[in-house]
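Listed here are the chains, written in short residue letters.
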Amino acid sequence: LMNAAVAQDVEPARITQHCDSVSLCFSKGLGAPAGAVLAGHREFVAEAWRVRKLLGGGMRQAGVLAAAARLGLEHAEATLRRDHDNARHFAEGIQELNSPLCSVNLTTVETNIVMVSIRGGWASPAELCEHLRAVSEEELAETGQAVSVLLFPWSAHTVRAVWHRDVSARDTELAKNKLEFVARKCQE
């Protein structure tokens with residue numbers, strides 16, 4: 001919700017105006033250690049509260065977590081915009097590679113998520129993910145850096161990259177360089 005609101009430059013309420021209920025997780029892009037909020041009609045929230053208690057859910061002295069969630073909300077726009085910019089930078093780097101092995105449709109990069117299309121020499125998206133995660137002696141010798149990049153094999157021909165508050169512009173540059181290194185080695 002918050003990523004969509006920032007990307008569209010609208011208030012979250014505008015996106016959810018036709019929803020009966022909304023759940024917002026504070027630990028995703030907002031960076032709180034835990035927590036979520038549920039909004040909806042009074043009866044719906046009361047029933048959700050009852051079921052949560054019935055299933056043993058609940059926390060005592062959750063003020064510290066609430067403070068982290070509040071801080072995340074207060075800084076959400078700047079933090080999420082930075083994540084979007086980093087994702088866009090990574091996607092543009094893939095585009096600039098002009099590799100026969102992977103590509104990105106830049107028109108689909110609107111938030112902190114980049115879907116990378118895999119083709120050609122990769123056996124599978126899982127194989128690419130494994131190469132990006134691993135650090136080889138050859139990489140250390142050639143680049144002088146040990147970089148491990150975690151992407152998710154999304155489908156038969158796609159991997160998914162997601163940015164969050166702990167991934168910096170420098171991390172993004174390192175990930176881009178790692179993908180370039182792995183693509184080049186695959187083509188040799």
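Residues numbered from 1 in each chain as written. Predicted model: local features only at pLDDT ≥ 70, side-chain atom pairs only at ≥ 80, totals over all residues. Heavy atoms only, no water.

Another point: the pairing of strand β4 (residues 113–118). Side chains V114, V116 and I118 project from β4 onto a buried face, and the interleaved I113, M115 and S117 project onto a face without burial. As defined by bridge partners, β4 adjoins strand β6 (residues 158–162) across 5 bridges and the pair is classed as antiparallel. Each bridged residue has a counterpart across the sheet, and for I113 the counterpart in β6 is V162. (Buried < 20%, exposed > 50% of the residue type's maximum accessible area, 1.4 Å probe, protein only. Helix = DSSP H or I, 4+ residues; strand = E, 2+ residues; numbered from the N terminus. Pairing = 2+ DSSP bridges.)

Take the side chain of K176 next. Mapping K176 onto the fold places it in helix α8 (residues 169–187). Reaching out from K176, the side chain makes a polar contact with the side chain of H89 at a distance of 3.3 Å. Not counting the four nearest positions on each side in its chain, K176 is found in contact with H89, F90 and G93. (Polar contact = N/O pair within 3.5 Å; in protein donor to acceptor, adjacent residues only side chain to side chain. Contact = heavy atoms within 4.5 Å.)

Bringing the packing of helix α6 (residues 125–133) against α8 into the picture now. Running from N to C, α6 and α8 point in directions that differ by 120°, and their axes come no closer than 10 Å. The interaxial crossing formed by α6 with α8 has right-handed handedness. Contacts between α6 and α8 pair L128, H131 and L132 from the former with K178, L179 and V182 from the latter. Here the contact of α6 with α8 is composed, by residue class, of 4 nonpolar, 1 polar and 1 charged. (Axes fitted to C-alpha atoms, helices over the stretch in contact; angles between N-to-C directions. Left-handed = near helix turned anticlockwise from the far one by under 90°. Nonpolar A, V, L, I, M, F, W, Y, C, P; charged D, E, K, R; others polar.)

Right, let's talk about the packing of helix α5 (residues 76–97) against α8 for a bit. Viewed as axis vectors pointing N to C, α5 and α8 meet at an angle of 20°, and their least axial separation amounts to 9 Å. Classified by the angle their axes make, α5 and α8 are roughly parallel. Note on packing geometry: the crossing formed by α5 with α8 is right-handed. Facing N86, H89, F90, G93, I94 and L97 of α5, the residues of α8 in contact are A169, T172, E173, A175, K176, L179 and E180. Taken together, the residues of the contact of α5 with α8 break down into 6 nonpolar, 4 polar and 3 charged. (Parallel < 35°, antiparallel > 145°, perpendicular 65-115°, else oblique.)

Taken residue by residue, the protein chain gives an average pLDDT of 92. The fraction at 70 or more is 99%. Here helix α7 (residues 137–143) stands out as the element of the protein chain with the lowest mean pLDDT, 89, in contrast to β6, whose mean of 97 is the highest. (pLDDT = per-residue confidence, 0-100.)

Moving on to the pattern of salt bridges. All chains considered together, the criterion is met by 11 salt bridges. In this structure, D83 engages R82 in a salt bridge whose closest nitrogen and oxygen atoms are separated by 3.5 Å. For R82, a relative accessible area of 34% gives the class partly exposed. When the shortest N-O distance is used, the salt bridge between R88 and E92 registers 3.4 Å. (Salt bridge = Lys/Arg side-chain N within 4 Å of Asp/Glu carboxyl O.)

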